[in-house]
Amino acid sequence: MKRLTCLFICLFLSEVSGFEIPINGLSEFVDYEDLVELAPGKFQLVAENQRYQRSLPGESGEIMEEADQVTLYSYKVQSTITSRMATTMIQSKVVNNSPQPQNVVFDVQIPKGAFISNFSMTVDGTTFRSSIKEKTVGRALYAQARAKGKTAGLVRRLAKHLEVDVWVIEPQGIRFLHVPDTFEGHFDGVPVISKGQQKAHVSFKPTVAQQRICPNCRETAVDGELVVLYDVKREEKAGELEAFNGYFVHFFAPDNLDPIPKNILFVIDVSGSMWGVKMKQTVEAMKTILDDLRAEDHFSVIDFNQNVRTWRNDLISATKTQVADAKRYIEKIQPSGGTNINEALLRAIFILNEANNLGLLDPNSVSLIILVSDGDPTVGELKLSKIQKNVKENIQDNISLFSLGMGFDVDYDFLKRLSNENRGIAQRIYGNQDTSSQLKKFYNQVSTPLLRNVQFNYPHTSVTDVTQNNFHNYFGGSEIVVAGKFDPAKLDQLESIITATSANTQLVLETLAQMDDLQDFLSKDKHADPDFTRKLWAYLTINQLLAERSLAPTAAAKRRITRSILQMSLDHHIVTPLTSLVIENEAGDERMLADAPPQDPSCCSGALYYGSKVSPDSIPSWANPSPTPVISMLAQGAQVLESTPPPHVMRVENDPHFIIYLPKSQKNICFNIDSEPGKILNLVSDPESGIVINGQLVGAKKPNNGKLSTYFGKLGFYFQSEDVKIEISTEAITLSGGSSTFALSWSDTAQVMNQRVQISVKKAKVVTITLDKEMSFSVLLHRVWKKHPINVDFLGIYVPPTNKFSPNAHGLIGQFMQEPKIHIFNERPGKDPEKPEASMEVKGQKLIVTRGLQKDYRTDLVFGTDVTCWFVHNSGKGFIDGHYKDYFVPQLYSFLKRP
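Calculation notes
Residues numbered from 1 in each chain as written. Predicted model: local features only at pLDDT ≥ 70, side-chain atom pairs only at ≥ 80, totals over all residues. Heavy atoms only, no water. Helix = DSSP H or I, 4+ residues; strand = E, 2+ residues; numbered from the N terminus. Expected span 1.5 Å × (residues − 1). Buried < 20%, exposed > 50% of the residue type's maximum accessible area, 1.4 Å probe, protein only. Arc of directions from axis to C-beta. Contact = heavy atoms within 4.5 Å. Salt bridge = Lys/Arg side-chain N within 4 Å of Asp/Glu carboxyl O. Disulfide = S-S within 2.5 Å. Core = buried A, V, L, I, M, F, W, Y, C linked by side-chain atoms within 4.5 Å. Polar contact = N/O pair within 3.5 Å; in protein donor to acceptor, adjacent residues only side chain to side chain. Pairing = 2+ DSSP bridges. Phe/Tyr/Trp six-rings, centres within 6.5 Å; stacked < 30°, edge-to-face > 60°. Lys NZ or Arg CZ within 6 Å of the ring centre and 35° of its normal. pLDDT = per-residue confidence, 0-100.

Caption draft 1: Layout of helix 11 (residues 555–571). For helix 11, built from 17 residues, the straight-helix expectation of 24 Å at 1.5 Å per residue is met to within 8% by its first-to-last C-alpha distance of 24 Å. Among the residues of helix 11, A557, I561, I565, L566, M568 and S569 are the ones counted as buried. Along the axis of helix 11, the buried positions cluster into a sector of 170°, meaning they face one direction only. Relative to its buried face, helix 11 has exposed residues pointing more than 90 degrees away, namely A555, R559, R563 and D571. Elements that come into contact with the buried residues of helix 11 comprise strand 9 (126–134), helix 10 (532–550) and strand 30 (579–585).

Printed below as a string of structure tokens:
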């Protein structure tokens, strides 16, 4: 009896939410297929139990059933996912029950964009190992090997040991993970799940009895999907920047953004080859897709055979009436005739170009063409390179072209070149599956554009070999991945700056990666892959080089790219279309050859990201990212927040202490406000300039020495002329403008620009709001120990004195923009020797004030720096106009009503 063990390792990344392992094979034959695909979200094991037996003619010519000669002893899948990158090992052991040699086929289906990195096989103690060779070299070595006779063998599908283990290690944190029941309860309780904050393990190990479809059946019940769904925590808009061993990976998947309006043209092939099920399912999908359009979207439908027809000659708003009319139009389509792809695409491009040139499109909208076709052109322009050239010459830079190739008759390579060259991707729609659901699934990936012109920048000369870092659009529900190299000897921390445009807003998002954090995390888990950053970088780079090779304009350029791919393949031990996997024994006299299947060169294994590479530090001219803060240590050991903060400002800190700086007198006057939690105090109210700043009080957890302290837990800024409202709480920063809303968390480092208003966020430290680059306000975040028995998180606000407010500005701070005259005299010892008293004349009143110290936390967020001021008692009575209760307002954005 001979035992044979096969070991297969595959490296890959995918940016859709799925991880799949189909086993599509013949239940009685040793022909079984394993596919592994990773993305943040889903693990899937699929087995199709196709039952039939091989029959052989006997001597008398009658059909005889051949007995099982090869049995499947074990089948094991082990997959480790480290930060969306999976290393999967598939191991199979089969036993030859026959005295005659049997051929065993180990047939592995590689997912789009994945690569084989290793293969080994042991037969009766002899081990065959793999090496990566240039394809021509590999084939020459194989030709030298002695050809052997082959006999078909059988295998029972039931495995004595069937094991699937999935380990998920996500430094970003696992938001959820679960395994839904897709086997109608047959494997109830078999998947075992253990999950922590950043790690999880799923084990699927059914016994032979559990695998049987019934107690005495030979058929397997592994006929369905083992699905593991998971997603990561995505708290930071700037994404997760992970740096390790000289490589970095940047994951970017912001949410809570308003969708950008889209202009979409559906270009549908209605030639004769679409007759029947294809057309029926296309119509079904289009009806659902049209219902999903938003009211702010614009659309039209073009259908073509040898002729080109349009439902409307221009773009129409996606109202319910228009959508219903478009659905009726599609339902009446009767496929016939030839295929004129060239004219159909040029018509779609003309409609979008004309609308754009006439100013009919929202300048912040996204324009898309979705082509659905099942065949090559048969009418009109037939030369594919000419069609490609025509599209490229006519399409404007703001339009993306997506191509869906239905079935296997279409020239899919042509569609890929067509889309890759025009800011889109191509996807094959398999005719032997549910066409309707595939079309709808693809549309869902482009239905919600959230950002335009997304550019990743790493402004340091030590950052090199950055992968694709400029993306035309970002769609909701997906993730962008950028990787590169850096020199750890020259960088203590890696900085990234992302620029993008959302609905009516320009963004600058910044983040830092500390070099030691990831190493500490990975060292604590034996399943974590410490080399994942390098592998991800190699994976992305090779896939993008393959895409560039397909679009190379000259033979010389194609040869240059080919050399780069080949060298990368050899350096990183990866099987690509340019290399072969040579498997041989130690003596070298027995060899096997594995060629890579044709690869889909579109970037990132089907993710909807396409674009170009730009210089890592070529930040757009409109972007004004905040400079990297000066990091130094004060005597108390705190970090510097800003290198040169304005020396004199009006401050509101702690519970709450107002510190009013009077420039002419060069004096600081202080007062406290003691009020109730929930009350909203007006700080600045200027109806003429349309500016309001209000603060809402939050109470301490409990009284201290009989007094319940209050702090500012929320601040509201309203700029009426821009219709912009900004709410800052201890949890989040929200910008509202018109119908759009944009949210940031204190874990972000970001910059948002909306018309004349700019918001800059320094992670967990400060928000700066600037109006017209002339008037600025800073809000500091004060975090306290979560288990502190009394204190709570609160905010401090800093307002530089300015003459930009009108003379009618008022509020607890605003009234002092027009500086009152003060006279401080008769300084004398007070009850506390360290706090002298004095008399102060202001606004026709004489007050007793006490000299003391308050805190400015801008340069030392922990301990603060002392500010000397004269303190006015009784909640500022006599210094402020009226009583402090006169400054209560009903809402966070209310103007102050004055008597």
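Caption draft 2: Quick look at the pattern of salt bridges. Counted according to the given criterion, the structure contains 28 salt bridges. With a shortest N-O distance of 3.5 Å, R175 and D231 are connected by a salt bridge. Taken together, the residues span a long stretch of sequence, with R175 in strand 11 (residues 174–178) and D231 in strand 14 (residues 225–232) at a distance of 56 residues. Among the salt bridges present, the one from R756 reaches E722, with a minimum N-O distance of 2.0 Å. Of this pair, R756 sits in the loop between strand 42 (749–754) and strand 43 (757–762) while E722 sits in the loop between strand 38 (710–719) and strand 39 (724–729), and the two are 34 residues apart along the sequence. Owing to a relative accessible area of 35%, R756 belongs among the partly exposed residues under this scheme.

Caption draft 3: Quick look at the state of the cysteines. All chains considered together, the criterion is met by 2 disulfides. Disulfide pairing is shown between C214 and C217; the S-S distance is 1.6 Å. Residues C214 and C217 are joined by a disulfide whose S-S torsion is about 75°; by sign, that bridge is right-handed. Disulfide pairing is shown between C670 and C869; the S-S distance is 1.9 Å. Here the S-S torsion is close to -130°, and the disulfide linking C670 with C869 is therefore left-handed. Of the two residues, C670 sits in strand 35 (residues 667–672) while C869 sits in strand 50 (residues 865–872), which places them 199 residues apart along the sequence. You'll find C670 and C869 in the same group, each marked buried.

Caption draft 4: Representation of the environment of F408 within the structure. Positionally, F408 belongs in the loop between strand 22 (399–406) and helix 7 (412–420). With relative accessibility at 57%, the residue F408 sits in the exposed group. Residues F408 and R428, 20 residues apart in the sequence, show an inter-C-alpha distance of 8.4 Å. Residues contacting F408, with those up to four places away along its chain left out, are R428 and Y430.

Caption draft 5: The arrangement of the nonpolar core in detail. Membership of the largest hydrophobic core comes to 89 residues, with the highest contact counts inside it found for V454, F717, I726, I728, I813 and F879. With residues near it in sequence (within four places) discarded, I728 still touches G713, K714, L715, F717, I733, W746, V767, I769, V779 and L795. Within the second largest apolar cluster, 38 residues are counted, among which are L293, F299, V323 and L368.

Caption draft 6: Molecular detail of the side chain of S271. Summarising the element assignment, S271 is placed in the loop between strand 17 (262–269) and helix 3 (277–291). Side-chain polar atoms of S271 contact the side chain of T339, separated by 3.3 Å.

Caption draft 7: Spatial organisation of the pairing of strand 10 (residues 161–169). When you tally the buried positions in strand 10, you get 7 out of 9 residues, the bulk of the element. Here strand 6 (residues 70–82) pairs with strand 10 via 9 bridges, running parallel. In the sheet register, T80 faces strand 10, and the bridge partner there is W167. The pairing of strand 10 with strand 13 (residues 199–204) spans 6 bridges and is antiparallel.

Caption draft 8: Representation of the environment of D292 within the structure. Following the sequence through the fold, D292 ends up in the loop between helix 3 and strand 18 (298–304). Between the alpha carbons of D292 and N444 there is a distance of 9.0 Å; along the sequence they are 152 residues apart. Leave out the neighbours within four places in its chain, and D292 touches Y443 and N444.

Caption draft 9: Geometry of the packing of aromatic side chains. Inspection of every chain in the model, using the stated rule, returns 18 aromatic pairs. Their ring planes at 70° and their centres at 6.3 Å tell us that F402 and F475 sit as a pair that is edge-to-face. Linking F402 in strand 22 with F475 in strand 26 (residues 470–475), this pair joins segments that are 73 residues apart in sequence. By relative accessible area, F475 is classed as buried at 0%. If you follow K199 out to its NZ or CZ, it ends over the ring of F521, 5.4 Å from the centre.

Caption draft 10: Region of interest: unusual backbone geometry. The residue S83 is not glycine, and still its phi comes out positive at about 50°. Relative to the helices and strands, S83 resides in the loop between strand 6 and strand 7 (85–96). Residue classification places S83 among the buried residues on the basis of a relative accessible area of 0%.

Caption draft 11: Looking closely at the sheet that holds strand 16 (residues 247–252). Strands sit in the order 15-16-27-25 across an open sheet of 4 strands; the sheet is antiparallel. Lying at the two open borders of the sheet, with one neighbouring strand each, are strand 15 (240–244) and strand 25 (463–464).

Caption draft 12: Representation of the confidence of the model for the protein within the structure. Looking at the protein as a whole, the pLDDT averages 81, with 83% of positions reaching at least 70. Counting contacts from residues 12–67, a segment whose pLDDT is below 50, to residues more than four positions away or on other chains yields 204 contacts. Within the model, the stretch residues 597–608 combines pLDDT values under 50 with 45 contacts to residues more than four positions away or in other chains.

Caption draft 13: Molecular detail of the side chain of S436. Looking at the secondary structure, you find S436 in helix 8 (residues 435–446). S436 has contacts with Q281, E284 and A285, leaving out every residue within four places of it along the chain.

Caption draft 14: Local environment of the pairing of strand 49 (residues 845–856). As defined by bridge partners, strand 48 (residues 837–842) adjoins strand 49 across 6 bridges and the pair is classed as antiparallel. Its bridge partner lying in strand 49, V842 is registered against Q845. The turn linking strand 48 back onto strand 49 is made up of 2 residues, and K843 within it adopts a positive phi angle of 55°. With 8 bridges connecting them, strand 49 and strand 50 associate as antiparallel partners. Of the residues in strand 50, the one forming a bridge with L853 is T868.

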